[in-house]
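A closer look at the structure
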Amino acid sequence: MKNRQQELPEDFYIPIPLDTNNITSLSPFLVPQDHLGGRGVFMCMAVFTFFLFVCGTSINVLTIVCTIQYKKLRSHLNYILVNLAVSNLLVSTVGTFTASVSFFNRYFIFGPTACKIEGFVATLG
């Protein structure tokens with residue numbers, strides 16, 4: 001196993017020992033990750049993260065809209081709240097939605113480049 005050809009980028013890490021010579025057969029960008037959990041586990045996680053996406057997005061949009069619409073809410077302290085709402089909206093729309101889609105499909109369907117972009121954007125929030 002130590003003389004295996006490098007089939008994936010150097011920054012790709014799989015935290016489990018592999019029992020196969022074909023590392024791409026376990027790639028999270030190519031095939032469902034059934035070795036990490038059953039279909040039911042992935043579906044429960046997909047439903048939960050979709051619930052977080054819907055609730056998080058709607059609550060943060062409501063916070064931003066109410067602050068814009070009502071002048072009485074435009075105080076210095078509420079600007080901090082709006083800043084947190086914008087940040088959380090970014091995490092909810094990018095990170096949580098992407099996680100929900102990935103859990104539903106049981107692998108990351110958007111590819112390695114989108115994985116890096118999603119990780120960066122979700123971390124910004």
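Calculation rules
- Residues numbered from 1 in each chain as written.
- Predicted model: local features only at pLDDT ≥ 70, side-chain atom pairs only at ≥ 80, totals over all residues.
- Heavy atoms only, no water.
- Helix = DSSP H or I, 4+ residues; strand = E, 2+ residues; numbered from the N terminus.
- Buried < 20%, exposed > 50% of the residue type's maximum accessible area, 1.4 Å probe, protein only.
- Contact = heavy atoms within 4.5 Å.
- Areas by Shrake-Rupley, 256 points an atom, 1.4 Å probe, with all protein chains shown as cover.
- Axes fitted to C-alpha atoms, helices over the stretch in contact; angles between N-to-C directions.
- Left-handed = near helix turned anticlockwise from the far one by under 90°.
- Nonpolar A, V, L, I, M, F, W, Y, C, P; charged D, E, K, R; others polar.

Some thoughts on the overall build of the protein
Summing up its helical and strand segments, the protein has three helices and zero strands in all. Listed N to C, the secondary structure of the protein is α-α-α in terms of helices and strands. In the protein, which comprises 125 residues, the proportion classed as buried is 27%. Once local pairs closer than 6 in sequence are excluded, the contacts in the protein between residues at least 24 apart make up 54%. By element, 67% of the accessible surface of the protein is carried by carbon and sulfur atoms, the whole surface being about 8700 Å².

Overview of the packing of helix H2 (residues 76-105) against helix H3 (residues 112-124)
Two elements in contact, H2 and H3, have axes whose closest approach is 8 Å; the angle formed by their N-to-C orientations is 145 degrees. Between H2 and H3 the crossing geometry is left-handed. Facing Leu90, Val91, Val94, Gly95 and Thr98 of H2, the residues of H3 in contact are Glu118, Val121, Ala122 and Leu124. Looking at the contact of H2 with H3 residue by residue, the classes come out as six nonpolar, two polar and one charged.

Side note on the side chain of asparagine 60
For asparagine 60, the position within the fold is in helix H1 (residues 39-69). In contact with asparagine 60, not counting residues within four places along its chain, are Ala85, Asn88 and Leu89.

These figures capture arrangement, not role.
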